[in-house]
Amino acid sequence: MNFKQIIMSFLTFSVLSGIAAPSFARDIVHDAEYYVLQAQHSEKWAAEDKAISKKLAVLEEKFGQPPNLIHIMWDDTAFGDVGIPQVQQVRGFKTPHINQLARDGIFFSRMYTEVGCTPSRAAAMTGRLAVRSGMYNIGMLLESHGLSDEEVTLAEVLSKKGYATAFHGKWHLGDIEKSYPNNQGFDEAFFTGYNQILSLNTIQAEQGNASMGLIEEILPDNKYKLDDTFVTKAWVQVAEGSKGGETLQWLDNTLETYEKIDPEAQKRTMEFIERNAKAGKPFYVANWPMMSSFLPIRPKNCSRARSMLQDGLQCNVDVFVGQVMDKLNELGIAENTLVVVMADNGPMSHNSPPGTGFAETIYRGGKGDFLEGGVRVPAFAWWPGMIEKGQVVGDMIHITDLFTTFARLGNARSQIPTNRVIDGIDQTSLLLNGDTYSRRDYTFTYAGPQLGALVKGDYKRHMISPDPVGEASGIPAAFYFLLGDPREKMPLMAQTIHMKSSFNRMKLRHDLWKKKFPDRAEVHGVPWTGIANATPELKELAKPRIGSKQLPFDPLEYVEHLDELPFDRALDPSM
């Protein structure tokens, strides 16, 4: 099938409807579904874009540079847990600064993400669904996996247009050298390769059985132990580096160091903002907090909820958001700075450690689910003088859209690659014009490498069906009306079976476009190479303790085959 045939295939809807097809000049390649919308709204959107360009030009003339961009993203929070004081009263905590930011800007009621930390972070950085970049697996200790250097990140796009770029906090996009943020376009980086489970990779956690079998030096000798290569011996908890410079391990792997990560990341972000504001240079900074520890030992509880999530939000993230807003006002650059704050996915409602406080609210499901509770998150945007106050928008927006929108605002659209699908849509019109101005009415949610669900407007179809018999016979009860059934407990068959073909066409267009632009395979390698101050134990990761002469195989050969490990393709949407 050639390029023209694929275009004709996914524009079936347009042809049947008599809608003129859009021109396909060399430009950003979006998912097929976008072109169905563009064909119907291109004239309206072009007029909006013309007015937006004028408004942005006035702002740039006033400040002498394009707007600054700040993205603060924390973990695992249910929609409603932040931004709605009434829900917080029930849940036993407060986030007054974030709630004020929401009141002074936009409250997104339909911000969609990916199903987990690593996929969502990859989506934000590349503007692509995680399945396209091979980043759908959640990275854990010595994952030997990471973001490919062939992906183009937002930092790379904005750097080419003169932006200063910084990353501080939970990166979670790999432990291989090419995936480090300072090797992915950031001028400076202070980052973790993994998630909050690092707090359990400590002596204190081993002592309390919150971790088992990792810190062997505090365990009694096991006379039955035969294999001394099975347990992980070394890793990097947090690293720092600069573009083109060295990457260093920062401090050590203790719980004391873990507790210092967010304060240090926040300090560096504030210094970065002030330094570039005074230098008159536009900046983009991502601060993604660790938020709290999985180890339920705290000198003092912060919130009434006495849990990791609520304490981390109330006394860490919320305080930091307030400090950022105050600093921007103090420096006189608030009007020229867009701030987006949000969660990366829904609550860790499956298998969460004790004392974490995760729970479903309005929507069913959580982290790992393609249900709304897993991918519909609290999210807000603040831009004084540019975003009208007090908005609650009902439009759909996706985490990938931040990539394309930030690039547009930074005059960097021309730096977005055109040889791959960019799922992110420019949502500048939604930011500046408000409710009903989104250019998206669809999402594709993947469960790992498998398509889990489709959303179109107010309707949703589970592709991993709760009704396999019906699916096999062609009459599945897998359709949901989200306004009437936000918990996806009442699948509709007779009332919505007419949508079966419509969703099939949507999926086929998506799949046909993938043939032209295939998903990238996962990228693997030896973890934590290129650390200038590496300990001897860390260096040993690249030198197996058993040499090849002692084995009938290469002891590092497994790295090249990690993508062959099975991924559960029969996930139940209720887990």
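Values in this document were obtained by computation on a predicted structure and should not be read as measured data.

Novice: Explanation requested: the overall build of the protein chain in the structure shown.
Specialist: In terms of regular secondary structure, the protein chain is built from 17 helices and 17 strands. Here the C-alpha atoms of the protein chain give a radius of gyration of 24 Å, agreeing with the 25 Å that 2.2 N^0.38 yields for 575 residues. Within the protein chain, buried positions represent 57% of all 575 residues. Of the accessible surface of the protein chain, which amounts to about 23600 Å², a share of 54% is contributed by carbon and sulfur atoms.

Novice: Got a minute to help me understand a nonpolar patch on the surface in this structure?
Specialist: The grouping of Ile 203, Ile 218 and Leu 219 at the surface amounts to a nonpolar patch, some 210 Å² of accessible area in total. Tracing the chain through its elements places Ile 203 in helix α9 (residues 203-207). Look at Ile 203 and you get partly exposed, because its relative accessible area is 38%.

Novice: What's the story with the state of the cysteines in this structure? I'm lost.
Specialist: In a disulfide, the sulfur atoms of two cysteines are held together by a covalent bond. Inspection of the entire model under this criterion finds one disulfide. Disulfide pairing is shown between Cys 302 and Cys 315; the S-S distance is 1.7 Å. Since a negative S-S torsion denotes a left-handed disulfide, the Cys 302-Cys 315 link at about 65 degrees is right-handed. On the criterion of sequence distance, the pair formed by Cys 302 in the loop between β8 (283-288) and α11 (308-331) and Cys 315 in helix α11 is long-range, its members being 13 residues apart. Classification of Cys 315 as partly exposed rests on a relative accessible area of 44%.

Novice: Hey, could you run me through the sheet that holds strand β14 (residues 450-456) in this one?
Specialist: Hydrogen bonding along the main chain pairs the strands of a sheet, whether they run parallel or antiparallel. Pairing in this open sheet of four strands is antiparallel, and the strands run β13-β14-β15-β16 from one edge to the other. Only two strands of the sheet have a single partner each, and these edge strands are β13 (442-447) and β16 (479-481). With strand direction ignored, the average angle separating the axes of adjacent strands in the sheet is 20 degrees. On the sheet, helix α3 (residues 32-63) packs against β13 and β14 and is oriented at approximately 175 degrees with respect to β13.

Novice: Help me understand the pattern of salt bridges, please; the structure alone is not making it clear to me.
Specialist: Pairing between side chains of opposite charge can happen when their charged atoms approach one another. Inspection of every chain in the model, using the stated rule, returns 40 salt bridges. For Asp 76, the salt bridge identified is with Lys 367, shortest N-O distance 3.1 Å. Remark: Lys 367 occurs in the loop between β9 (337-343) and α12 (372-375) and Asp 76 occurs in the loop between β1 (68-74) and α4 (85-91); sequence separation between them is 291 residues. As far as the burial class goes, Asp 76 and Lys 367 line up, both buried. Between Arg 520 and Glu 151 there is a salt bridge whose closest N-O contact spans 2.7 Å. Here the residue Arg 520 occupies a position in the loop between α16 (500-516) and β17 (523-524), and Glu 151 occupies one in the loop between β3 (145-146) and α8 (154-159), the gap between them amounting to 369 residues.

Novice: How should I be thinking about the packing of aromatic side chains in this particular structure?
Specialist: Two numbers describe a pair of aromatic rings. These are the distance of the centres and the angle of the planes. Summed over all chains, the structure comprises 21 aromatic pairs. Centre to centre, the rings of Phe 107 and Phe 380 are 5.1 Å apart; their planes meet at 70 degrees, and the pair counts as edge-to-face. In this pair, Phe 107 sits in strand β2 (residues 106-112) while Phe 380 sits in strand β10 (residues 376-382), placing the two residues 273 residues apart along the sequence. For Phe 107, a relative accessible area of 9% corresponds to the buried category.

Novice: Any chance you could explain α11 here in plain terms?
Specialist: Three- or four-residue spacings in an α-helix give side chains the same orientation, since the helix completes a turn every 3.6 residues. Spanning 24 residues, α11 covers 33 Å between terminal C-alpha atoms, matching the ideal 34 Å at 1.5 Å per step. The buried fraction of α11 is high, at 17 of 24 residues. Gly 332 lies just past α11 and shows a positive phi near 75 degrees.

Novice: Explanation requested: the nonpolar core in the structure shown.
Specialist: One recurring pattern in soluble globular proteins: nonpolar side chains tend to sit buried together. By size, the foremost hydrophobic cluster in this structure holds 116 residues, and its most contacted members are Phe 108, Tyr 284 and Leu 338. Residues in contact with Leu 338, not counting those within four places in the same chain, are Asn 68, Leu 69, Ile 70, Ala 381, Trp 382, Trp 383, Ile 387, Phe 406, Leu 409 and Leu 431. Residues Tyr 35, Tyr 442, Leu 451 and Met 506 belong to the second largest nonpolar core, which totals 23 residues.

Novice: Would you take a moment to explain unusual backbone geometry for this structure?
Specialist: In most cases, non-glycine residues show a negative phi, while peptide bonds are predominantly trans. A positive phi is found at Asn 209, a non-glycine position, where the angle reads about 60 degrees. Even without a glycine there, the phi angle at Glu 488 is positive, about 50 degrees. Using a relative accessible area of 1% as the deciding quantity, one classes Glu 488 as buried.

Novice: For this particular structure, what's the right way to read the environment of Leu 556?
Specialist: Following the sequence through the fold, Leu 556 ends up in the segment after α17 (536-539). Separated by 138 residues in the primary sequence, Leu 556 and Thr 418 place their C-alpha atoms 35 Å from one another.

Novice: Just to check I follow, could you spell out helix α5 (residues 96-103) for this structure?
Specialist: Of the residues making up α5, those classed as buried are Ile 98, Asn 99, Leu 101 and Ala 102. The buried residues of α5 occupy an angular sector of 155 degrees when the element is viewed end-on, so they sit on one face.

Novice: Even after reading the chapter, I still don't get the packing of α3 against α16, so can you show me in this structure?
Specialist: Packed helices, taken two at a time, are described by their axes: the angle between them and the distance between them. For the pair α3 and α16, interaxial distance at closest approach is 8 Å and the crossing angle is 120 degrees. Residues Ala 32, Glu 33, Tyr 35 and Val 36 of α3 touch α16, and the partners they reach there are Met 506, Arg 509, His 510 and Trp 513. When the residues that make up the contact of α3 with α16 are grouped by side-chain class, the tally is five nonpolar, one polar and two charged.

Novice: How should the pairing of β13 be read in this particular structure?
Specialist: Along β13, six of the six residues are buried, which leaves the element largely enclosed by surrounding structure. With burial as the criterion, each face of β13 is covered, one bearing Tyr 442, Phe 444 and Tyr 446 and the other bearing Thr 443, Thr 445 and Ala 447. Relative to β14, β13 runs antiparallel, the two sharing six bridges. The partner of Thr 443 across the bridge, within β14, is Val 455. Hairpin remark: β13 followed by β14, antiparallel, with two residues in the connecting loop; positive phi at Gly 448, about 65 degrees.

Novice: Please clarify how the pairing of β14 should be interpreted in this entry.
Specialist: Consecutive residues of a regular strand have side chains that alternate between opposite faces of the sheet. Among the seven residues in β14, five count as buried, and that is most of the element. Sheet analysis places β14 next to strand β15 (residues 459-462), joined by four bridges and oriented antiparallel. Looking at β15, one finds that Ala 453 is bridged to His 462. Between β14 and β15, which pair antiparallel and follow one another directly, the connecting turn spans two residues, one of which, Gly 457, has a positive phi of 65 degrees.

Definitions and limits used
Residues numbered from 1 in each chain as written. Predicted model: local features only at pLDDT ≥ 70, side-chain atom pairs only at ≥ 80, totals over all residues. Heavy atoms only, no water. Helix = DSSP H or I, 4+ residues; strand = E, 2+ residues; numbered from the N terminus. Rg over C-alpha atoms; globule rule 2.2 N^0.38 Å. Buried < 20%, exposed > 50% of the residue type's maximum accessible area, 1.4 Å probe, protein only. Areas by Shrake-Rupley, 256 points an atom, 1.4 Å probe, with all protein chains shown as cover. Patch = residues over 30% accessible without salt bridge, like charges linked within 9 Å, V, L, I, M, F, W, Y side chains within 5 Å. Salt bridge = Lys/Arg side-chain N within 4 Å of Asp/Glu carboxyl O. Disulfide = S-S within 2.5 Å. Pairing = 2+ DSSP bridges. Axes fitted to C-alpha atoms, helices over the stretch in contact; angles between N-to-C directions. Contact = heavy atoms within 4.5 Å. Phe/Tyr/Trp six-rings, centres within 6.5 Å; stacked < 30°, edge-to-face > 60°. Expected span 1.5 Å × (residues − 1). Core = buried A, V, L, I, M, F, W, Y, C linked by side-chain atoms within 4.5 Å. Arc of directions from axis to C-beta. Nonpolar A, V, L, I, M, F, W, Y, C, P; charged D, E, K, R; others polar.

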